[in-house]
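Summary of the model geometry
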Amino acid sequence: MKDVLYTTEIPAGGHWSLRLRRGTQMRITDIEGGGNAGMLFYNPEDLLERYNAPDTLKCQHTFRLTRGNCLYSDMGRIFASIVEDGLGWHETVCGNSHAAHIAERWGKRDYQNDRNDWHQNGYDAFLVELAKYGLGRADIAANINWFSKVATDADGNMNLDGDHSAPGSSVTLRFEMDTLVLLHTCPHPLNTASEYPRKPVRIEIGEAEPVSDDDYCLNYRPENRRGFQNNALYYMGSEMGKR
């Protein structure tokens, strides 16, 4: 990434959103370790187009996300590519925590009574951000959970690896489309910590280097090259429409 142009820290149980231009790069850092950053993507020019977890996994023949993987929309286009990754595993199958999950595990707390010590959940955190753009419950898709590793045991049960992400772990995304990014720092739905996890993340944004023909993400899978071609066609049509 070129010079960092913007940085912010999202506190534990927080949420954030921003429209990013293609050619932008974002580094997300798990400051204290053991964090979780839920994320969703939407096309700001057509909010019906959003991140598609099943297509992202099946077209790249994977269960986990890491460097080289591209993050697909439900129109076969690429929102972002993972250009750097210090962990090798991020999950996008388990979704969000909900208010009932949080209350059962750590006790119900609300902002009116507990202020910054309340227990926010991922689902409601996304709803707050979605409302800013005229979106709601029907617009929540299966999200990415950065810094979280979920594996199955011999009986097929999914378990969260609580020691997966060390302090300072980071992942870097390069945005291949103009993208509305939503993020929260609420606990992973499979987290079984004894106390409500309070793990902040840092966001750094700058300008990405141009995509070259030998780009790692472009060539990671044959499907990715087709995804980049879909993006090029989409923007070619947009530019022609402005003439």
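Residues numbered from 1 in each chain as written. Predicted model: local features only at pLDDT ≥ 70, side-chain atom pairs only at ≥ 80, totals over all residues. Heavy atoms only, no water.

1. Regarding the environment of Glu204
For Glu204, the position within the fold is in strand β13 (residues 201-207). According to the relative accessible area criterion, Glu204 is buried, its value standing at 16%. Beyond its immediate sequence surroundings of up to four residues, Glu204 is in contact with Met1, Val4, Tyr6, Thr7, Gln25, Met26, Arg27 and Thr29. (Helix = DSSP H or I, 4+ residues; strand = E, 2+ residues; numbered from the N terminus. Buried < 20%, exposed > 50% of the residue type's maximum accessible area, 1.4 Å probe, protein only. Contact = heavy atoms within 4.5 Å.)

2. Description of the pattern of salt bridges
Going through the model one piece at a time under the given rule, you end up with 11 salt bridges. Glu45 serves as the salt-bridge partner of Arg19, at 2.4 Å between the closest nitrogen and oxygen. One end of the pair, Arg19, is in strand β2 (residues 15-20); the other, Glu45, is in the loop between β4 (37-43) and β5 (46-50), and 26 residues separate them in sequence. Between Glu223 and Arg226 there is a salt bridge, and its shortest N-O distance comes to 3.9 Å. Residue Glu223 and its partner Arg226 are located together in helix α5 (residues 222-241), separated by 3 residues, close to a single helical turn. Beyond isolated ion pairs, a larger network of salt bridges with shared partners links Arg174, Glu176 and Asp215. (Salt bridge = Lys/Arg side-chain N within 4 Å of Asp/Glu carboxyl O.)

3. A few points about the nonpolar core
Grouped together as the largest cluster of nonpolar side chains are 30 residues, with contacts concentrated most on Met26, Ile28, Met39, Phe41, Leu71, Trp146 and Leu173. Residues within four places of Trp146 in sequence aside, it is in contact with Ile28, Gly35, Asn36, Ala37, Met39, Leu71, Ile82, His90, Val171 and Leu173. Counting 9 residues, the second largest nonpolar core, distinct from the first, contains Leu40, Tyr123, Leu127 and Leu180. (Core = buried A, V, L, I, M, F, W, Y, C linked by side-chain atoms within 4.5 Å.)

4. Focus: the state of the cysteines
Per the counting criterion, the structure on display carries 0 disulfides. Free of any disulfide, Cys59 has its nearest neighbouring cysteine sulfur in Cys70, separated by 8.1 Å. (Disulfide = S-S within 2.5 Å.)

5. Looking at unusual backbone geometry
The backbone of His61 shows a phi angle near 55°, a positive value even though the residue is not glycine. Mapped onto the elements, His61 comes out in the loop between α1 (53-58) and β6 (70-72). His61 gets classed as exposed once you look at its relative accessible area, which sits at 52%. Residues other than glycine seldom take positive phi values, yet Arg115 does so here, at roughly 50°. Checked against the element boundaries, Arg115 lands in the loop between α3 (111-114) and α4 (122-131).

6. Digging into α4
Most of α4 is tucked away, with 7 of its 10 residues classed as buried. On the buried face of α4, the contacting elements are β2, β4 and β12 (179-184). Of the residues flanking the start of α4, the one acting as N-cap is Asn121, its side-chain oxygen 3.2 Å from the backbone nitrogen of Tyr123. (Polar contact = N/O pair within 3.5 Å; in protein donor to acceptor, adjacent residues only side chain to side chain.)

7. Some details on a nonpolar patch on the surface
A cluster of nonpolar residues, Phe63, Val93 and Met158, forms a patch on the protein surface that exposes about 230 Å² of accessible area. Position of Phe63 among the secondary structure elements: in the loop between α1 and β6. Look at Phe63 and you get partly exposed, because its relative accessible area is 35%. (Patch = residues over 30% accessible without salt bridge, like charges linked within 9 Å, V, L, I, M, F, W, Y side chains within 5 Å. Areas by Shrake-Rupley, 256 points an atom, 1.4 Å probe, with all protein chains shown as cover.)

8. What about the pairing of β4?
A large share of β4 lies buried, amounting to 7 of its 7 residues. The alternating pattern of β4 places Ala37, Met39, Phe41 and Asn43 on one face and Gly38, Leu40 and Tyr42 on the opposite face, and all of these are buried. Here β4 pairs with strand β8 (residues 144-146) via 3 bridges, running antiparallel. Along β8, the bridge assignment pairs Met39 with Ile144. As paired strands, β4 and β12 are joined by 5 bridges and run antiparallel to one another. Note that in β12 the partner of Leu40 across the bridge is Leu182. Relative to β5, β4 runs antiparallel, the two sharing 2 bridges. By the bridge assignment for β5, Tyr42 is matched with Arg50. Hairpin connection of β4 to β5: 2 residues between the antiparallel strands. (Pairing = 2+ DSSP bridges.)

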